Amino acid sequence: MSIETIHTDHAPKAIGPYAQAVRANGFLFTAGQIPLDPASMEIETGDVTAQTERVLSNLTAVLHEAGVTWNDVVKTTVFLKSMDDFVAMNTVYARVLGDARPARSTVAVAGLPRNVSVEIELVAALPAR
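How each quantity is defined
- Residues numbered from 1 in each chain as written.
- Predicted model: local features only at pLDDT ≥ 70, side-chain atom pairs only at ≥ 80, totals over all residues.
- Heavy atoms only, no water.
- Helix = DSSP H or I, 4+ residues; strand = E, 2+ residues; numbered from the N terminus.
- Rg over C-alpha atoms; globule rule 2.2 N^0.38 Å.
- Buried < 20%, exposed > 50% of the residue type's maximum accessible area, 1.4 Å probe, protein only.
- Contact = heavy atoms within 4.5 Å.
- Areas by Shrake-Rupley, 256 points an atom, 1.4 Å probe, with all protein chains shown as cover.
- Lys, Arg positive; Asp, Glu negative; His and termini not counted.
- Charge placed at Lys NZ, Arg CZ, Asp CG, Glu CD.
- Core = buried A, V, L, I, M, F, W, Y, C linked by side-chain atoms within 4.5 Å.
- Phe/Tyr/Trp six-rings, centres within 6.5 Å; stacked < 30°, edge-to-face > 60°.
- Lys NZ or Arg CZ within 6 Å of the ring centre and 35° of its normal.
- Polar contact = N/O pair within 3.5 Å; in protein donor to acceptor, adjacent residues only side chain to side chain.

What follows covers the overall build of the protein chain. The number of helices and strands found in the protein chain is two helices and six strands. What you see in the protein chain, going N to C, is helices and strands ordered as β-β-β-α-β-α-β-β. In terms of overall dimensions, the protein chain is globule-like: its C-alpha atoms have a radius of gyration of 14 Å, near the 14 Å expected for 129 residues. Going through the 129 residues of the protein chain one by one, you find that 41% of them count as buried. Contacts in the protein chain between residues far apart in sequence, at least 24 positions, make up 68% of those at least 6 positions apart. Summed over all atoms, the accessible surface of the protein chain reaches about 6700 Å², with 53% contributed by carbon and sulfur. The average position of the 10 basic charges and that of the 14 acidic charges among the side chains of the protein chain differ by 3 Å.

Next comes the structure, spelled out in structure tokens:
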């Protein structure tokens, strides 16, 4: 099995010993994205709506770099600091994903990096090369 690292300057660089995403066995696996602005590497200020916008924008950039779209995504996992933010996150998520309907899990967690409100990771199916 070959593993290829995916990187784009349009999403935040990894802040630890991991890749933005990897391509393996016909799938793209992303690292969890938090609401970091890729230019400044600062956390998006604002509520969970603004943070979700930034997270999904970062993930869209990674998908684009890998040559796929949200329609190729088969699974997302959403981590929320509070389930009270579910409706606001889901409203942005539905708008950004459009007609795409990957399987999804949403869980509340005790904490997220840099005390953000939301983190999202995904798995996408890649076209044959």
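Resuming the write-up.
Quick look at the environment of A128 now. Structurally, the position occupied by A128 is in the segment after strand 6 (118–125). Overall, A128 belongs to the exposed group, its relative accessible area being 82%. For the pair A128 and F27, spaced 101 residues apart in the sequence, the C-alpha separation amounts to 9.9 Å.

Formed by 27 residues in total, the largest nonpolar core has its most connected members in L28, L63, W70 and V118. Of all the elements in the fold, those that place two or more residues in this core are helix 1 (48–66), strand 4 (73–80), helix 2 (86–97) and strand 6. No other element matches the eight residues that helix 1 contributes to this core. Counting six residues, the second largest nonpolar core, distinct from the first, contains I34, F79, L112 and V116.

Using the criterion set out here, one finds one aromatic pair in the structure. Ring centres of F27 and F29 lie 6.3 Å apart, and the angle between their planes is 50 degrees; on these two criteria the pair is classed as tilted. Over the ring of Y93 we find R104, and its NZ or CZ is 4.5 Å from the ring centre.

Within the element layout of this structure, T8 appears in the loop between strand 1 (3–6) and strand 2 (21–24). Polar contacts involving the side chain of T8 include one to the main-chain amide nitrogen of H10, which spans 3.1 Å. Contact partners of T8, with chain neighbours within four places excluded, come to Q20, A61, V62 and E65.

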